[in-house]
Amino acid sequence: MLPAPAEYNKSLLYGFQACIVCGAVLLCLFIHGVSCLYAGEPIPETLSISERTTRQELHTVIEILEDPEALLGIDDVISPNHSVNFKAATGNPPNLGYSSSVYWVRFRVRNDSPDRIVWYLQLAQTWTSRIDLYYPEYGGFRSLSSGKDIPLHEWPFRYRNIVFPISQAAGTVRYHLRINPGINSLSLLLFAWGPAAFDRFAARELPIHWTFTGLLIAMLIYSMLLWISIRDSAYLLNSAFVAAITLYMLDFDGLAFQYLWPESTWWKSISLQVLSSMTYLTGILLFRYYLCLRDLLPKIERIMRVIAGLYIARIVFKIANLPLPNDIWFIALNTVVLLLLIYSGVMTAVKGFRPARFFLIGTGMLIMAAIINNLRGFGLISDNIITTWGVQFSAAMLVMLVALGLADRINAVKNELIHSQDDLLQLNRRLDDERERLSVTLRSIGDGVITTDLEGRVMLMNRAAEKIMGMPLSVASGLKVGEVLRFADPATSALDQLAPLLMRRSSECESSGKGKLSIANERERVIEYGTSPIADRQNRVIGMVVAFRDITERQMLEEEIIKSSRIESLGVLAGGIAHDFNNVLTVILGNISLAKMIAPKSERIYRILSEAEAASYRARDLTQQMLTFARGGAPVRNVIDIGKLLLETVNFVLTGSQVQGEFSIQQDLSMVEVDEGQIAQVINNISINAIQAMPDGGNIRISAQNREVVPGEAMPLDPGPYVMISIADEGSGIPYENLNKIFDPYFTTKENGTGLGLASSFNIVRKHGGFIFAVSRHGGGAEIVFYLPAVSGRETRKEQSTKDIMRGKGRVLIMDDEEHILDIAGRLLDALGYDTDFAMNGDVAVEMYRRALQSGNPFDAVIMDLTIQGGAGGKVTIKRLIEIDPDIRAIVSSGYSNDPIMANYREYGFSGVVVKPYRVEDLSTVLHAVISGGRQVHEEV
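Here the structure is a predicted model, which means the values were calculated and not measured.

### Looking at the sheet that holds strand 20 (residues 659-665)
Right, so step 1: Spatially, the 5 strands line up as an open sheet ordered 20-22-23-25-24, and their pairing is mixed. In this open sheet, the two edge strands, each paired with only one partner strand, are strand 20 and strand 24 (771-776). In this sheet, neighbouring strand axes are inclined to one another by 20° on average, regardless of whether the strands run parallel or antiparallel.
Right, so step 2: Note: strand 20 against strand 22 (residues 698-709), 7 bridges, orientation parallel. Among the inter-strand pairings, phenylalanine 663 is bridged to a residue of strand 22, identified as isoleucine 702.
Right, so step 3: Strands strand 20, strand 22, strand 23 (720-728) and strand 25 (782-789) of the sheet are contacted by helix 21 (residues 642-654), whose axis makes an angle of about 175° with strand 20.
Right, so step 4: On the sheet, helix 22 (residues 676-692) packs against strand 20, strand 22, strand 23, strand 24 and strand 25 and is oriented at approximately 170° with respect to strand 25.

Have a look at this one:
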């Protein structure tokens, strides 16, 4: 719709004001640049550097010699005939503009440090053809070369622009640079950097470049998705424009040569010109369509077509290496294109074309940045923050504003369709076409949509609505919307109450809500809905639209996330309690062990102490059960009797239920090497599911037998010996359609189930190298079967034998943050014949170990707690100790038996492991083995 005459005048006024502001900014920048260009500064003789150098500009110390014929070499420029022709540089920094000459630059650098130091020389310009650095060495000159004519792997320093690493001894050195700018402009942005300062600068600068690039790529993906979705040519053209400007900006910043085509010197030599032309070409094609120039400004549109042909010719000529006019002419052509686009935007905005406003703002910013960049290229203004980041910022803003303009254009079309709906409905000959178009649109919407008449009767609904309600349009048509959307609690829905408001053509029939939808033969579904009146061009209400979506799964997921977070919190709490309790048990068991060592075995006190020791180990089993709730950690494997574990775990689960267990365990059942706590959790989860499947009682059949998997067998297991375990119930079975879903996270058919039990069981069995699956006959019960690798050879049927106390001698350092642990461990080791020292944290332990090593009386072993409150624990401390002594013999000890370090202690540099609480027999065995043979030992009791 075209604006009123007053709006025309207001748009013109805004356009003129914008032009005045842009011109004033450009004039100020031009005056500043010219003043900097011609402001001479005294040139000091040398540039001083030291170890503390961060960044220093070289423009105040450089001298320049122009070599128009490119015939001079280093021997020539240092000769008296040419040396006197060097002139002091002017400008901040010096900008030589476009030139085909080669330039020699010389400067002197003094190293104020007494030692040789390394510093970096940077030319912060990405498009220089070649630059050679000459510095004196062994009576002659050594050179380093870089530039876009040289592959990246031959550069002395791989960075987006040119950097030379220089090692300079104490004193003063004169350096010469031979710079061939090619056909591009030359700005002498020369800097001297300290290596650390340059690394910090690069770490700050590169993320900014990639942020702009990421923004452009995001807009590219956004435009492509919209084009795929709605097939509007504007979005395809916008995608091409964004892709071209993204590649151009990457090349302009030097990132393309560094990461995309580092070895293609041919493409690098033409890429900036080709990509620049591609950007302007795609921009012309986009904005011809975007601004509707064919209809609004046909003369400008024809001029744009001619200019587009020139850009195509330039691209072809550049790629074919054919002669072309000087690039300065194309810079002038770029300026003409930008001015024509500004003119087109102003004129189309005056004519009431809404998207032109977005275009004018974005293009105005880009034109300012482009003109400033061109002035810098001609050497008329110096480099500053605007010339450095202006193009990137304005390009990103233009892309976003164009996208907003396209969206506004789509919205404008949508609004016109809504306003013309009444007229379309009155035209009977176009009614069928319009209904079909609306149906296609509604089918593509994921939410359910229902439209009604003034009485609230259903007239139209999309496929999503049919699917959610389980009712086709043929059945729902003509019914009241409240009869179609049947809520379990009618009081929660105000849909039927809106009909009187519709009859009065009131705009108050807007509402929103949420409720449970009753669907025949299905579970209740939770939906959220919103209603809005449909009005014609005269703003008369002619019906209502109801939009709703099924949020059942989302609500269930939110509830499960809350449950999972609670379980996770409980796991953290259980792990902490278990750790502290294990520390207490360590002190108790240590004292019992000391008492047993003193008491004669024939005395009654010895038997009492043995019973107390056994009770303490039963208490340790309780802490192990708590640790099974804690998250994380690889399996801490031990060879166990799986049959015994089945009997104990299932009988414990069945306690207090109406279900009985029938066991069938093979007599010579093989042993398995597993994490006992995790496998117990699997058995526990499956048994609980079986009990829940038989609410009125029944029998659970548990069997375990040896099984050999042979090659070619249809089972995802490696060939070899396994133990097959089966747990079957007499419940109603698992429906066939759910059989492949029961191990999926959050899948459950129970009202209050979490859907995590079998999922976690699946992961545990898979981590142990096994396989789990379900078998079911509907009405005949369900059976869960899982395989675990059997322990082969002599280790089969391995029994836990009673260990003897092994005495020894040597120096042992114990690190723990519990004084009671240190005390009891020290007394145990003293009784075993060892000399002990103590440390409360990692820092103290490292210092004590270093002093002992330097004194010639080192520690023979170190026992470290994994977790130190408020200090460095075993994981951090072992790294520092290995740096001091690679042959260190360290034992890790912790009450967190499910910590991954306890299972993979070798990978962290430890030689042995003992789990709290430990017996004196276990501690003495591990310590004796580590000290005597240096073997890596793992003990868990």
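### Examining helix 24 (residues 819-832)
Since one α-helical turn is 3.6 residues long, residues separated by three or four positions face the same way.
Right, so step 1: Between its terminal C-alpha atoms helix 24 stretches 20 Å, which fits the 20 Å expected from 14 residues at 1.5 Å a residue.
Right, so step 2: All buried positions along helix 24 are accounted for by Ile821, Leu822, Ile824, Ala825, Gly826, Leu828, Leu829 and Leu832.
Right, so step 3: Looking one or two residues beyond helix 24, the residue adopting positive phi is glycine 833, at roughly 105°.

### A short note on the packing of aromatic side chains
Right, so step 1: By the definition in use, this model includes 18 aromatic pairs.
Right, so step 2: Between the aromatic rings of tryptophan 193 and phenylalanine 198, the centroid separation amounts to 5.6 Å while the plane-to-plane angle is 80°, which identifies the pairing as edge-to-face.
Right, so step 3: Plain terms: the ring middles of phenylalanine 198 and phenylalanine 201 are 6.2 Å apart, the flat faces sit at 45° to each other, and that makes the pair tilted. Of the two residues, phenylalanine 198 and phenylalanine 201 both sit in helix 4 (residues 195-230), 3 residues apart, roughly one turn of that helix. Each member of the pair phenylalanine 198 and phenylalanine 201 is classed as buried.
Right, so step 4: Every member of this aromatic cluster is reached through a ring pair, and the members are Tyr120, Phe157, Tyr159, Trp193, Phe198 and Phe201.

### Some details on a nonpolar patch on the surface
Right, so step 1: A cluster of nonpolar side chains, contributed by Trp210, Leu247, Tyr259 and Leu260, occupies part of the molecular surface with about 380 Å² of accessible area.
Right, so step 2: Within the secondary structure, tryptophan 210 sits in helix 4.
Right, so step 3: Relative accessible area serves as the criterion here: at 36%, tryptophan 210 is assigned to the partly exposed category.

### Observations concerning the environment of proline 716
Right, so step 1: Among the secondary structure elements, proline 716 is positioned in the loop between strand 22 and strand 23.
Right, so step 2: Between the C-alpha atom of proline 716 and that of isoleucine 772, which follows or precedes it by 56 residues, the distance is 10.0 Å.

### Side note on the pairing of strand 26 (residues 811-815)
Right, so step 1: Across the 5 residues of strand 26, 5 count as buried, placing the element largely inside the fold.
Right, so step 2: The pairing of strand 26 with strand 27 (residues 835-839) spans 5 bridges and is parallel. Of the residues in strand 27, the one forming a bridge with methionine 815 is alanine 839.
Right, so step 3: You can see the chain leave strand 26, run along helix 24 and come back into strand 27, and the turn it takes is right-handed.

### Brief notes about the environment of leucine 123
Right, so step 1: Note that leucine 123 resides in strand 7 (residues 117-123).
Right, so step 2: Between the C-alpha atom of leucine 123 and that of valine 163, which follows or precedes it by 40 residues, the distance is 6.5 Å.
Right, so step 3: For leucine 123, the contacting residues outside a window of four places in its chain are Thr128, Ile131, Asn161, Ile162, Ser187, Leu188, Leu189 and Leu190.

### Some words on the sheet that holds strand 15 (residues 458-461)
For sheets, the rule is that strands pair by backbone hydrogen bonds, running either parallel or antiparallel.
Right, so step 1: Taken in spatial order, the 5 strands make up an open sheet running 15-14-18-17-16, and their pairing is antiparallel. The open sheet is flanked by strand 15 and strand 16 (511-517), the only strands paired with a single partner. Averaged over all adjacent pairs, the angle separating strand axes in this sheet is 25°, with direction ignored.
Right, so step 2: Bridging between strand 17 (residues 525-535) and strand 18 (residues 541-550) involves 9 bridges; their strand directions are antiparallel. In the strand pairing of strand 18, glutamate 528 is matched with arginine 549.

### Some remarks on the packing of helix 7 (residues 265-290) against helix 9 (residues 298-320)
Right, so step 1: Running from N to C, helix 7 and helix 9 point in directions that differ by 160°, and their axes come no closer than 9 Å. Put simply, helix 7 runs roughly antiparallel to helix 9. Here the hand of the crossing between helix 7 and helix 9 comes out left-handed. Packed against helix 7, whose contacting residues are Trp266, Ile270, Gln273, Val274, Ser276, Ser277, Met278, Tyr280, Leu281, Ile284 and Arg288, the element helix 9 presents Glu301, Met304, Arg305, Ile307, Ala308, Tyr311, Ile312, Arg314, Ile315, Lys318 and Ile319 at the interface.
Right, so step 2: Looking at the contact of helix 7 with helix 9 residue by residue, the class counts come to 14 nonpolar, 3 polar and 5 charged.

### Re the confidence of the model for the protein chain
Low pLDDT marks regions whose predicted coordinates should not be analysed in detail.
Right, so step 1: Mean pLDDT over the protein chain: 76, with 72% of residues reaching 70 or higher.
Right, so step 2: The least confident element of the protein chain is helix 1 (residues 5-38), whose mean pLDDT is 42; the most confident is strand 6 (residues 102-111), at 93.
Right, so step 3: Low pLDDT (under 50) marks residues 1-44, which in the prediction has 46 contacts with non-local residues, meaning those over four places away or in another chain.
Right, so step 4: This stretch, residues 935-941, has a pLDDT under 50; its non-local contacts, to residues over four places away or in other chains, come to 36 contacts.

Criteria and cut-off values
Residues numbered from 1 in each chain as written. Predicted model: local features only at pLDDT ≥ 70, side-chain atom pairs only at ≥ 80, totals over all residues. Heavy atoms only, no water. Pairing = 2+ DSSP bridges. Helix = DSSP H or I, 4+ residues; strand = E, 2+ residues; numbered from the N terminus. Axes fitted to C-alpha atoms, helices over the stretch in contact; angles between N-to-C directions. Contact = heavy atoms within 4.5 Å. Expected span 1.5 Å × (residues − 1). Buried < 20%, exposed > 50% of the residue type's maximum accessible area, 1.4 Å probe, protein only. Phe/Tyr/Trp six-rings, centres within 6.5 Å; stacked < 30°, edge-to-face > 60°. Patch = residues over 30% accessible without salt bridge, like charges linked within 9 Å, V, L, I, M, F, W, Y side chains within 5 Å. Areas by Shrake-Rupley, 256 points an atom, 1.4 Å probe, with all protein chains shown as cover. Salt bridge = Lys/Arg side-chain N within 4 Å of Asp/Glu carboxyl O. Right-handed = clockwise from strand over helix to strand, strands pointing away. Parallel < 35°, antiparallel > 145°, perpendicular 65-115°, else oblique. Left-handed = near helix turned anticlockwise from the far one by under 90°. Nonpolar A, V, L, I, M, F, W, Y, C, P; charged D, E, K, R; others polar. pLDDT = per-residue confidence, 0-100.

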